[in-house]
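# Inside the fold
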Amino acid sequence: MSVDIAKIVGAFRAESPQKITSETAYEKSHKFTQVFDDSVNDLKSLENSKLQAAQIAKYSQLHLLHGLFSTDEERGEDDFFANLRQFESLEKTVAQKSHILDRYYATQQPSLLQPEQGDRREIDQMINHVAKKVSLAPELIHSVVAAESAYNPAAVSPVGAQGLMQLMPETAEELGVQDSFNPGQNLLGGSKYLKQLLDKYDGDLDSALAAYNWGQGNVDRHGLDKMPEETRHYLTKVKSRMGIQST
């Protein structure tokens, strides 16, 4: 956006040369200042309109977020966004964004910790199907899933492992898993990987589970005696669920 120079110049071209030369320097300066100020005021008006439009758009986005993240109980409460209307600037409204997201995301989080009962039955059926397909005991897959994600298909670890069997993205790609958050793909890929580890270590469950949790390279280089405490706990957790006592 720029000041309309043509408008300013045109104001003087409209005058005859005789009249311009007869005007005093003060009159010329005053006319120029008046036209210039009018142009700048037009510019400010447009800028204010743009700012108001941005404020309205931002408010609409926040109102939409409220609708997406609110629960049934909250819909009967007073409008949460009523206090936002008192803000006089866009900056103050934007500053509330993270608080709004945190509040409404937090109310939904507990429901993500465990799948619905219907989803759990579907996962159990998938595990039984995959167990037959890769020739593994379903109890072993169940135990790994319970230890890795607590049956949460949307689980993501701090290091980026994903889904029911907590596949790292590069491992999932090697196993042909296109979507680690798809329960069927994740279970099949993770079970194939676990079967590969059991074959590699000649059926030694401790080595296979340690490699699944700690990494094959670490098991091969350091052996089970150097397992970190986290991996030892992992082995105990998986085996105890299968009814096997850890040594």
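Our subject in this report is the structure included herewith. Everything numeric in this text was worked out from a predicted model, so none of it was measured. (Residues numbered from 1 in each chain as written. Predicted model: local features only at pLDDT ≥ 70, side-chain atom pairs only at ≥ 80, totals over all residues. Heavy atoms only, no water.)

## What about the side chain of Ser149?
Within the secondary structure, Ser149 sits in helix H8 (residues 138-149). A residue is classified by how much of its surface remains accessible, and Ser149, at 9% relative accessible area, is buried. Once residues within four sequence positions are removed from consideration, Ser149 is found in contact with Ala155, Gly163 and Leu164. (Helix = DSSP H or I, 4+ residues; strand = E, 2+ residues; numbered from the N terminus. Buried < 20%, exposed > 50% of the residue type's maximum accessible area, 1.4 Å probe, protein only. Contact = heavy atoms within 4.5 Å.)

## Looking at the pattern of salt bridges
Per the counting criterion, the structure on display carries four salt bridges. Two residues, Asp220 and Lys200, come together in a salt bridge whose shortest N-O distance is 3.0 Å. Placement of the pair is Asp220 in helix H12 (residues 216-222) and Lys200 in helix H10 (residues 183-200), with a sequence separation of 20 residues. What makes Asp220 partly exposed here is its relative accessible area of 46%. A relative accessible area of 39% means that Lys200 is categorised as partly exposed. (Salt bridge = Lys/Arg side-chain N within 4 Å of Asp/Glu carboxyl O.)

## A short note on the layout of surface pockets
When its volume is computed, the largest pocket comes out at roughly 540 Å³. Contributing to the lining of the largest pocket are 21 residues, with Glu148, Ala161, Gln166, Tyr212 and Asn213 lying nearest its centre. Contributing elements (two or more residues each) for the lining of the largest pocket: H8, helix H11 (205-214) and helix H13 (229-241). Class assignment of the residues belonging to the lining of the largest pocket gives a composition of eleven nonpolar, seven polar and three charged. (1 Å grid on protein atoms, 1.4 Å probe; cavity = no way out; pocket = protein on both sides within 12 Å on 5 of 7 lines; lining within 4 Å. Points joined across faces, edges and corners; volume = space filled by probe spheres on them. Nonpolar A, V, L, I, M, F, W, Y, C, P; charged D, E, K, R; others polar.)

## Topic: the environment of Val145
Relative to the helices and strands, Val145 is located in helix H8. Remark: the alpha-carbon pair of Val145 and Val238, spanning 93 residues in sequence, is separated by 8.9 Å. Beyond its immediate stretch of four places on either side in the chain, Val145 contacts Ile127, Ala150, Tyr151, Leu164, Met165 and Leu187.

## A few points about the nonpolar core
One finds Leu140, Ile141, Val144, Leu209 and Tyr212 to be the most contacted residues of the largest nonpolar core, which totals 37 residues. Mapped by element, the contributors of at least two residues to this core are helix H7 (117-134), H8, H10, H11 and H13. No other element matches H11, which puts seven residues into this core. Filtering out sequence-adjacent residues up to four positions away, Tyr212 remains in contact with Val144, Glu148, Met165, Leu167, Gly190, Tyr193, Leu194, Leu197 and Tyr234. (Core = buried A, V, L, I, M, F, W, Y, C linked by side-chain atoms within 4.5 Å.)

## Concerning H13
Here H13 spans 18 Å end to end across 13 residues, near enough to the 18 Å set by a 1.5 Å rise per residue. Taken as a whole, H13 has its buried residues at Thr231, Tyr234, Leu235, Val238 and Lys239. All buried residues of H13 fall inside an arc of 115 degrees around its axis, so they share one side. Summarising the geometry of H13, the exposed residues directed more than 90 degrees from the buried face are Glu229, Glu230 and His233. On the buried face of H13, the contacting elements are H8 and H11. One or two positions beyond H13, positive phi appears at Gly243, with a value near 80 degrees. (Expected span 1.5 Å × (residues − 1). Arc of directions from axis to C-beta.)

Just geometry here; none of it tells us what the structure is for.
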